[in-house]
Amino acid sequence: MTPESVLKTDQYKEWMERFPSSTEHLILNEHVSTVHNVRSHKIQTQLNMIHPHIFPLLRAALHVPNVRAECLLKFQLRPVMEWQRDAVPSCNTEEFMKEASEIPNFLEEVEKCRTSLLPAAGPADGFPHVVFLGTGSAIPMKTRNVSGTLVNISSSQSLLLDCGEGTFSQLCRHYGDAVDQALSRISAVFISHLHADHHTGLIKLLQQRQRALANLGIPFNPVYLVAPVQILAWLGQYHDFCEEILHHFSHIPSRSLCDDADVSKLKPDSSLQSMLRTTSLQQFRTCLVRHCKNAFACSFVHQSGWKLAFSGDTMPCDAFVHIGNEATLLIHEATLEDELLEQAVEKRHSTTSQAIGIGMKMNADFIMLNHFSQRYAKIPLFSEDFSDKVGISFDHMKVRLYFKTLPKLTAALKTLFAEELEEMEEQRELRSRRGGGCSPVMQAGAKRGQQGAPLHSGDSKRLKSS
Ligand SMILES: [Zn+2]
Ligand SMILES: [Zn+2]
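Here goes a summary of the coordinates provided. (Residues numbered from 1 in each chain as written. Chains lettered and ligands numbered in written order. Predicted model: local features only at pLDDT ≥ 70, side-chain atom pairs only at ≥ 80, totals over all residues. Heavy atoms only, no water.)

What to know about the pattern of salt bridges
Under the criterion given, the structure shown has 12 salt bridges. A salt bridge links E102 to K98, with the shortest nitrogen-to-oxygen separation between them at 3.4 Å. With a relative accessible area of 55%, E102 lands in the exposed category. Take K98: its relative accessible area is 47%, and that puts it in the partly exposed class. Connected through shared salt-bridge partners, E339, E425 and R428 make up one network. (Salt bridge = Lys/Arg side-chain N within 4 Å of Asp/Glu carboxyl O. Buried < 20%, exposed > 50% of the residue type's maximum accessible area, 1.4 Å probe, protein only.)

Structural data, given as structure tokens:
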């Protein structure tokens, strides 16, 4: 477990050489590269067949200079001492593609989708664009991590919307060797509220950002952290009892950016102004939403005119409609399907149609739905009011702000996940025959094997999350 920098020192090498030559040295540090989550690579390979830019292939992560530890690598002591690799997961891209090709009509739909997109094909990497790092709610799963959305404003500036547990790992999977550059570009983070699925990845992100800046030789500068003031209690405790963290950020209380904020008491105007300058934004607003105490949504306008609105977690909320008015892109949570309205009210979340309704009220150019309940691990149920202004997000999906492409992918997506959709429809019917009510979470997933297995066994289960 020795960091690479220590491993390379003569002193450490000498120490290692003092062991007998029969000793096996297992190295487990930041240079280890291993796939532990085959399911996430599989879904991404298959989505990539539909659109290679919107669903980019995952990177094989950091380079491997040597034989290093791998997930599920075993060392047997008896009867024969040997390394065993039989359980080490491997990704067979061809196999994943073959499996998708065998789904009835899938290749035909992909071809139709390609032909319809040809005339509209534009540059894939233009700015601004949004990378969805986590699109699930409550607990991290293999195909959907918890909340995290990266807005790449320009080639040098990014803003992160929420930072659930595992957000740094998702960045590694998405950017591979270029993860340090991606981290170094993040100059502002917005945390919507203090449920674990929205903020517990923050400390790791801040530490890794500092490491990345040092690694790239860029002078350290704190990140602008727009978050409820209550986050300081958590960060302060970490700072006091674990390691120093408070110098990593400059806090701007979310409440101070609400329209009705008491300017004299709250507005940290200089921090706000310097955040706006750094990120080339003209305006950054927040509002209280209908979820838990101190939950906020935000909207921001770029100097070039585009506007993004992000709901965090909320039931339909008029204050959010107000600050998100005429957004170029609305990212709205759609935790549950329409039929589970009662549960949505109880947990203070939105259904698919409610989220779309908010986008219509806002007159948003485009509505991206996210934060799906993990019962929709692969794909959520489509509701009737899906129009050509609505898209659903997937982890690692990359979309530009001005897009007409996404609705054209719907037919191919529905074909790829036909089996899952059918199962969910069946459940819906079963529920309505039983006269409504709730079904156990993740039934649809559980039926298909380990889909319901959490991605990380981290703290989020112990903390309040939703
Ligand atoms: Zn929540
Ligand atoms: Zn949530």
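Focus on the packing of helix α3 (residues 38-50) against helix α5 (residues 106-117)
Two elements in contact, α3 and α5, have axes separated by 8 Å at closest approach and are oriented at 50°. By the angle between their axes, α3 is oblique relative to α5. Here α3 contributes Q46, M49 and I50 to the contact with α5, which in turn contributes F106, L107, V110, C113 and R114. Partitioning the contact of α3 with α5 into residue classes produces 6 nonpolar, 1 polar and 1 charged. (Axes fitted to C-alpha atoms, helices over the stretch in contact; angles between N-to-C directions. Helix = DSSP H or I, 4+ residues; strand = E, 2+ residues; numbered from the N terminus. Parallel < 35°, antiparallel > 145°, perpendicular 65-115°, else oblique. Contact = heavy atoms within 4.5 Å. Nonpolar A, V, L, I, M, F, W, Y, C, P; charged D, E, K, R; others polar.)

What about the packing of α3 against helix α4 (residues 93-101)?
Running from N to C, α3 and α4 cross one another at 55°; their axes reach a closest spacing of 9 Å. Here α3 is positioned oblique relative to α4, judged by the angle of their axes. Taken as a pair, α3 and α4 cross one another with a handedness that is right-handed. Contacts between α3 and α4 involve V38, H41, K42, T45, Q46 and M49 from the former and T93, F96, M97, E99, A100 and S101 from the latter. Of the residues belonging to the contact of α3 with α4, the class tally is 5 nonpolar, 5 polar and 2 charged. (Left-handed = near helix turned anticlockwise from the far one by under 90°.)

Quick notes on a nonpolar patch on the surface
Judged by side-chain polarity, F75, L77 and M81 come together as a nonpolar surface patch covering roughly 320 Å² of accessible area. The class of L77 is exposed, set by a relative accessible area of 58%. (Patch = residues over 30% accessible without salt bridge, like charges linked within 9 Å, V, L, I, M, F, W, Y side chains within 5 Å. Areas by Shrake-Rupley, 256 points an atom, 1.4 Å probe, with all protein chains shown as cover.)

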